[in-house]
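Analysis of the macromolecular model
What follows is the residue order along each chain.
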Amino acid sequence: MKIKCLICGDIIESKSVHDFVACKCENCYIDGGKDYLHFGGKKFDKILIFFDKGIEVLASNEELYRKKYEEWEKEKYKTINK
């Protein structure tokens, strides 16, 4: 999973557990690799989350973010169980 800082334009990705990555303006960060999503920042309305299948969600849209994160986790576990 990736996120984009809408202030500096950086698209950042954590590639493994505990791989903490921040954008160049330090507005946002991501961690967790493919195991989990941990992100944060100063201005959530300036953070865009890229989910699988081309889905993009503003971090400030908490309801949609939670829904898409749950879907992402379910898909991840389906893949693991195969």
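Up top you'll find the structure we're talking about.
Note that the coordinates shown come from a computational prediction; the quantities given were computed from them, not determined experimentally.

It is worth spelling out the overall build of the protein chain at this point. Of the regular secondary structure elements, the protein chain holds one helix and seven strands. Structurally, the protein chain occupies a C-alpha span of about 40 × 25 × 20 Å along its principal axes. Taking all 82 residues of the protein chain together, the buried fraction comes to 34%. A gap of 3 Å separates the mean positions of the 16 positive and 15 negative side-chain charges of the protein chain.

Of the two faces of strand E1 (residues 2–5), the one lined by Ile 3 and Cys 5 is fully buried and the one lined by Lys 2 and Lys 4 carries no buried residue. Pairing of E1 with strand E2 (residues 11–13), which is carried by three bridges, proceeds in the antiparallel orientation. Bridging from a neighbouring strand, Lys 4 pairs with Ile 11 of E2. The antiparallel hairpin formed by E1 and E2 contains five residues in its connecting segment, where Gly 9 sits at a positive phi of about 90°. Where E1 meets strand E6 (residues 47–50), four bridges bridge the pair, whose relative direction is antiparallel. Paired with Ile 3 across the two strands is Ile 49, which belongs to E6.

Conventions used here
- Residues numbered from 1 in each chain as written.
- Predicted model: local features only at pLDDT ≥ 70, side-chain atom pairs only at ≥ 80, totals over all residues.
- Heavy atoms only, no water.
- Helix = DSSP H or I, 4+ residues; strand = E, 2+ residues; numbered from the N terminus.
- Buried < 20%, exposed > 50% of the residue type's maximum accessible area, 1.4 Å probe, protein only.
- Lys, Arg positive; Asp, Glu negative; His and termini not counted.
- Charge placed at Lys NZ, Arg CZ, Asp CG, Glu CD.
- Pairing = 2+ DSSP bridges.

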